[in-house]
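Letter by letter, the chains look like this.
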Amino acid sequence: MRLAFVTSNPGKVEEARKYFEPLGIKVYQLRVDYPEIQADTLEDVAEYGARWLAERIDWPFFLDDSGLFVEALNGFPGVYSAYVYKTLGYRGILKLLEGETNRKAYFKSVIAYWDGELYLFTGRVNGEITTEPRGSGGFGFDPVFKPDGFDKTFAEMTTEEKNRISHRGRAFSAFVEWLKENL
Ligand code: ITT
């Protein structure tokens, strides 16, 4: 079985493959620009995107909408993470937190799967924003995010290590468990 992952981000696809390969499911990247609406929650953004795509793609697909929520910034960049990453990068987050002692943050991921009906799977990981970037793996804000209970940032971990604890890894686990029961 082949399953389309609608995303512009190859890093997300690499993470997904590790989950689906053992099930014999081949995940491939489908690059279709879909509207990411301005909304208060990742769930709303993911659902709108999936329903928009469902009118244009007639085979099963999924997408992921994720974000970094920084406590001292009242949850910013949150649903605006992609835009903030593109404009300010992770260095922008470090700058916004200069001198701030509360470094708490979490990543959240919402996966929307469409096969004629819509299903949402979510995952979250708590951690903190480092004071300096560390590591060269992963993507996005990984060099400045250190999950709770670990000394390494996501960018210092292998994909397998990151998947085991990450927001997207948790959402994928829930998705894969559901697929096992429902396919
Ligand atoms: P899509 O095409 O799948 O939307 P994207 O990279 O734009 O790809 P999002 O819209 O979900 O992804 O935006 C989330 C932003 O948060 C984006 O800039 C990512 O780089 C960042 N991000 C999401 N998950 C991350 C992770 O696991 N590690 C580091 N940064 C992450």
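Residues numbered from 1 in each chain as written. Predicted model: local features only at pLDDT ≥ 70, side-chain atom pairs only at ≥ 80, totals over all residues. Heavy atoms only, no water.

S.K.: Where do I start with the sheet that holds strand 6 (residues 145-147) in this structure?
M.R.: Across a sheet, strands are paired by hydrogen bonds formed along the backbone, either parallel or antiparallel in direction. The six strands are arranged 2-1-3-4-5-6 in an open sheet whose pairing can be described as mixed. Each edge of the sheet is formed by a strand with only one pairing partner; in this case those strands are strand 2 (26-30) and strand 6. Between one strand and the next, the sheet's axes are offset by a mean angle of 35°, whatever the strand orientation. The strands touched by helix 1 (residues 10-20) within the sheet are strand 1 (2-6), strand 2 and strand 3 (61-70), with strand 2 carrying the most contacts at an inclination of about 165°. (Pairing = 2+ DSSP bridges. Helix = DSSP H or I, 4+ residues; strand = E, 2+ residues; numbered from the N terminus. Axes fitted to C-alpha atoms, helices over the stretch in contact; angles between N-to-C directions. Contact = heavy atoms within 4.5 Å.)

S.K.: Would you mind going over the packing of aromatic side chains with me for this structure?
M.R.: If you walk through the whole model with that rule in mind, you get 19 aromatic pairs. For the pair Phe62 and Phe175, a centre-to-centre distance of 5.3 Å together with 70° between the ring planes defines the contact as edge-to-face. Separated by 113 residues along the polypeptide, Phe62 in strand 3 and Phe175 in helix 6 (residues 167-182) bring together distant segments of the chain. Across the pair, Phe175 and Phe62 agree in class, each one buried. (Phe/Tyr/Trp six-rings, centres within 6.5 Å; stacked < 30°, edge-to-face > 60°. Buried < 20%, exposed > 50% of the residue type's maximum accessible area, 1.4 Å probe, protein only.)

S.K.: Can you walk me through the site of the ligand in this structure?
M.R.: The ligand sits among 20 residues. The nearest are Thr7, Ser8, Asp142, Lys162 and Arg168. Side-chain polar atom of Lys12 to an oxygen atom of the ligand: 2.8 Å apart, as the coordinates give it. Calculation on the ligand without its partners gives an accessible area of 600 Å², and the protein chains cover 93% of this total. Grouping the amino acids of the shell around the ligand by side-chain chemistry returns six nonpolar, seven polar and seven charged. (Near = heavy atom within 4 Å. Polar contact = N/O pair within 3.5 Å; in protein donor to acceptor, adjacent residues only side chain to side chain. Areas by Shrake-Rupley, 256 points an atom, 1.4 Å probe, with all protein chains shown as cover. Nonpolar A, V, L, I, M, F, W, Y, C, P; charged D, E, K, R; others polar.)

S.K.: Would you mind showing me how to read the side chain of Arg103 here?
M.R.: Along the chain, Arg103 turns up in the loop between helix 4 (89-96) and strand 4 (104-114). A distance of 2.9 Å separates a polar side-chain atom of Arg103 from the backbone oxygen of Leu97. For Arg103, the residues in contact, after removing those within four places along its chain, are Leu94, Leu97, Gly127, Glu128, Ile129, Thr130 and Thr131.

S.K.: Explain the pairing of strand 3 to me, please; I cannot follow it from the model alone.
M.R.: Each regular strand carries side chains that alternate between the two faces of the sheet. Where burial is concerned, most of strand 3 is hidden: ten out of the ten residues are buried. Of the two faces of strand 3, the one carrying Phe61, Leu63, Asp65, Gly67 and Phe69 and the one carrying Phe62, Asp64, Ser66, Leu68 and Val70 are both buried. Pairing geometry for strand 1 and strand 3, over two bridges, is parallel. Of the residues in strand 3, the one forming a bridge with Phe5 is Phe62. As paired strands, strand 3 and strand 4 are joined by ten bridges and run antiparallel to one another. Counterpart to Phe61 in the pairing with strand 4 is Trp114.

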